[in-house]
Structures are given as structure tokens and as C-alpha cells.
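Here's the letter readout for the chains.
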Amino acid sequence: MYFVLKYSNTNTYLIKLKDGYMLFDTAWAGTLPLFYRELGEKGVKAGDIKYLLISHFHPDHMGLAGELQKQGVKIIVAREQERYIHSADAIFEKEKNKCFVPIDDKEVEVISISDSRVFLKSLGLEGEIIYTPGHSDDSISLVLDEGAVFVGDLNPIYELELHRGTEIEKSWNKIFALKPGEINYGHAKKAVLSKEDLDSLGGKEKPESGGTAINNASAFTRHENTKENAELYSLVSRIMKYINKGYSLEKIARKTGAEAEFIEDVTRMYLTHQNVGVQGILDRIEIKGK
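Residues numbered from 1 in each chain as written. Predicted model: local features only at pLDDT ≥ 70, side-chain atom pairs only at ≥ 80, totals over all residues. Heavy atoms only, no water.

### Here we look at the overall build of the chain
As a reminder of what qualifies: Elements are defined by DSSP. Helices are runs of H or I of four residues or more, strands are runs of E of two residues or more, and each kind is numbered from the N terminus. Burial classes follow relative accessibility: with a 1.4 Å probe on protein chains only, a residue under 20% of its type's maximum area counts as buried, one over 50% as exposed, and anything between as partly exposed. Any pair of residues with heavy atoms lying within 4.5 Å of one another is described as a contacting pair. Here the accessible surface of atoms and residues is derived via Shrake-Rupley with a 1.4 Å probe, and residues count as covered only by protein chains that are part of the display.
Check the secondary structure of the chain and you find 12 helices and 12 strands. Residues counted as buried form 52% of the 290 residues belonging to the chain. The contacts of the chain with a sequence gap of at least 6 include a subset with a gap of at least 24, amounting to 60%. When the accessible area of the chain is evaluated, it comes to approximately 13,900 Å², of which 50% is carbon and sulfur surface.

This is the structure we're talking about:
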């Protein structure tokens, strides 16, 4: 059993253990009050969270880790991730984020991927942690035997045709070999897979109940002729251009007329997702309005 927590533009997940919960990913530093409110709405106490597993150490996935660690949450790190633990510290320092608390390395529990099944079983979970690089060199995914998979920012299956022959495809093939039933992303809607989907290794995805069908085209591409989406695409493109010029958020707001919150979302996605394009940013921040 698990819950999705939507208190920011990053999906985080609360997974039931035999004693308490494991949190998969956190959001940006400064969202702790929103996190607590979301927990309250789910009927979960902060003290019930025993472990934190982070898909990769980009700031929008580990921003609360240090704060939670100080409150007794044990951070679990795969050995492949160990040297990346502080890779986002400079970003928080650059933006002068006073809420950010660095992770205390001495209190981190480092485990081997090969031992992850035994470790998870000791917590009451049947499944394993696998190394899934592609989006970043420290990316891991959590695969539960019941069929739920949590992949962080591994590029979505509907983009797979764009990544044939890459590390991204290799990582997805590892996941497909374990016969997943559903994919839980960091910045997109859950995808439900059929046996036929698995047989085709990244063919069609079936949306969760009430969702919109997902295909190889993004939401924007399906509606690219609408004036609203064209204007939004242009706006994000301009914001990215001004970020490259080193403009402050205030100056970008004056130049574009966009809301500060939207500019912040675009800036964070652009700075933390290597080689992301305009459409990739739109896809990733779309979840915030849902």
C-alpha cells in the first residue's frame, strides 16, 4: 500500500512498512509545512516515517532530506549514489535557500543494490532497488513485487522511442524484466501497463482511471495548434533564454509579465534537469495544476 503526496511539483510517495512508512523522494527545501499538511490530510503522523529513499540527488527530489533526517528519519542510499549525496548543496546555496539543511553523511545508511531485497524484506516490503541511470548517474528505482514501480525522473516510457540504444533504454529494460504493473513518476501521471505493453517493451500505456490516454506525443504536441499552448511554449522559451543570460527572477518577471511562481518552477526544472527542452519543462510542471 502506498500514497502519493502532492504538495509541490514533485510527486513523492509514502509506502507502508510493517512498522511505519518509507518516503520515496521529497520536494524542494522550504516545502516542509506543505509536507506536514499533506501528511495530516492522509492521516499520517510525521513520526510514522521511518525511512527515506531518494531516487536521485537533484534538489527537487531531496530538498527536505536533511530536515527529515534531523527528526529521526533514516536516509537509505544505494552505494552507486553515495558520492552524489551533496551534489545539490551548491544549488541551494546559490539561491540562498535558508530552509535547506545538508544531509549528515554519518547518519546515512548505505546499502548494496544486490542486498536491497533482503534489506527491504526486513522492513516488511517485498521488492528490490535497482540502478537505473539515464536521467542522472545516481538514479535508482524501487520495484515492488506487487507491481508498483517508483522511478523518479527516469524519462517516461512515452519518450522511449527518442532514447533507443541509450542508458535510458537499458534502465527501462531492467524494469520491464521485473514485470511491473504500474509506473509512478516524479513529474507525470501514473502509467498502468498491460501484459501486451510489457511484451512490446515500451509500447502503449494505459492511463489510470480518469486520466488521459498517453502516447508517444506529449500533451502539448496533441494540442500544438491551439493559441494558448503556443503562447505558453513561447513564454517558457523566453524564460529559459533569460536564465541563460543570468537575469534575476524579478527581472525575468518584468521582461515577460509571467507570475513569479511559474518562473520559479521553470527555473528549477531547467537548472536541475540536464538537457531538458521547452516541452520537457511543460510536461514536468503540468502536474502542479492537476
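### Focus: the pattern of salt bridges
Here is the rule: We count a salt bridge whenever a side-chain nitrogen from Lys or Arg sits within 4 Å of a carboxyl oxygen from Asp or Glu.
The final tally for this structure, using the stated rule, is eight salt bridges. In this structure, Asp145 engages Arg117 in a salt bridge whose closest nitrogen and oxygen atoms are separated by 2.9 Å. A residue pair is termed long-range when its members are at least 10 positions apart, and Asp145 in the loop between β8 (140-144) and β9 (148-152) and Arg117 in helix α5 (residues 116-123) qualify at 28 residues. Its relative accessible area of 46% is what places Asp145 among the partly exposed residues. Residue classification places Arg117 among the partly exposed residues on the basis of a relative accessible area of 32%. The partner of Arg164 in a salt bridge is Glu161, with the nearest N and O atoms 3.0 Å apart. Overlapping salt bridges, with partners in common, bring together Arg117, Glu128 and Asp145 in one network.

### Overview of helix α6 (residues 167-176)
Put simply, the rule reads: Think of the arc as the fan of directions from the helix axis to the C-beta atoms.
Ile168, Glu169, Ser171, Trp172, Ile175 and Phe176 are the residues of α6 that are buried. Angularly, the buried residues of α6 cover 160° about the axis, an arc narrow enough to put them on a single face. Its buried side turned inward, α6 meets β7 (127-131), β8, β9, β10 (182-185) and α7 (195-199).

### Quick look at empty space enclosed by the protein
In plain terms, the rule: Of the grid points, spaced at 1 Å and generated over the protein atoms alone, those admitting a 1.4 Å probe that cannot get out make up cavities, while open sets with protein on both sides within 12 Å along at least five of seven lines make up pockets; any residue with an atom within 4 Å of a point is treated as lining. Grid points are joined across faces, edges and corners, and a volume is the space filled by probe spheres set on the points. Classification used: nonpolar for Ala, Val, Leu, Ile, Met, Phe, Trp, Tyr, Cys and Pro, charged for Asp, Glu, Lys and Arg, polar for all others including Gly.
Summed over the entire model, instances satisfying the criterion amount to one cavity of 30 Å³ or more. Considering only enclosed or pocket space, the largest cavity measures out at about 100 Å³ in volume. Together, Gly152, Asp153, Leu154, Pro156, Tyr158, Glu159, Tyr185, His187, Ala188, Asp283 and Arg284 line the largest cavity. The residue makeup of the lining of the largest cavity, split by class, is five nonpolar, two polar and four charged.

### Observations regarding the side chain of Ser8
Put simply, the test is: We define a polar contact as two N or O atoms separated by no more than 3.5 Å, with the added condition that, inside protein, one atom must be a possible hydrogen donor and the other a possible acceptor, whereas residues neighbouring each other in sequence contribute only through side-chain atom pairs.
Turning to its location among the elements, Ser8 is positioned in the loop between β1 (2-5) and β2 (12-16). On the basis of relative accessibility, which here comes to 19%, the residue Ser8 falls in the buried class. Here Thr10 takes part through its backbone nitrogen, which lies 3.0 Å from a polar atom of the side chain of Ser8.

### Some details on the layout of surface pockets
A volume near 490 Å³ is recorded for the largest pocket. At five residues, helix α11 (residues 260-272) tops the list of elements feeding residues into the lining of the largest pocket. Each residue belonging to the lining of the largest pocket can be placed in one class, and the counts come to seven nonpolar, four polar and four charged.

### What to know about the pairing of β2
What counts is decided by this rule: A pair of strands is treated as paired once DSSP finds two or more bridges between them.
The buried fraction of β2 amounts to four of the five residues, a majority that puts the element mostly inside the structure. With four bridges joining them, β1 and β2 adopt antiparallel strand pairing. Within β2, the position partnered with Leu5 by the bridge is Thr12. The hairpin formed by β1 and β2 contains six residues between the paired strands. As paired strands, β2 and strand β3 (residues 21-24) are joined by four bridges and run antiparallel to one another. Of the residues in β3, the one forming a bridge with Tyr13 is Phe24. Hairpin connection from β2 to β3: four residues lie between these consecutive antiparallel strands, with Gly20 at a positive phi of about 95°.

### Brief notes about a positive patch on the surface
Threshold: To count toward a patch, a residue needs a relative accessible area over 30% and no salt bridge; like charges are then connected within 9 Å, while nonpolar side chains (Val, Leu, Ile, Met, Phe, Trp, Tyr) are connected within 5 Å. For this count, His and the chain ends are skipped, Lys and Arg are scored as positive, and Asp and Glu as negative. The atom standing in for a charge is NZ when the residue is Lys, CZ when it is Arg, CG when it is Asp and CD when it is Glu.
A contiguous patch of positive charge, built from Lys241, Lys245, Lys251, Arg254 and Lys255, is present on the exposed surface. With three residues, the single largest contributor to the positive patch is helix α10 (residues 249-256). Relative to the helices and strands, Arg254 resides in helix α10.

### Quick word on the packing of aromatic side chains
Short version of the rule: Between 30 and 60 degrees the pair is tilted, below 30 it is stacked and above 60 it is edge-to-face, where a pair is any two Phe, Tyr or Trp rings, Trp via its six-membered ring, whose centres lie within 6.5 Å.
Counted according to the given criterion, the structure contains 13 aromatic pairs. The interplanar angle of 65° and the centroid separation of 6.2 Å between the aromatic rings of Tyr2 and Tyr13 together place this pair among those described as edge-to-face. Within this pair, whereas Tyr2 is found in strand β1, its partner Tyr13 is found in strand β2, the two being separated by 11 residues in sequence. Summarising the aromatic geometry, the rings of Trp172 and Phe176 are spaced 5.6 Å apart at their centres and angled 20° between planes, so their arrangement reads as stacked. Taken together, the residues span about one helical turn, with Trp172 and Phe176 both in helix α6 at a distance of four residues. A relative accessible area of 3% places Phe176 in the buried class.

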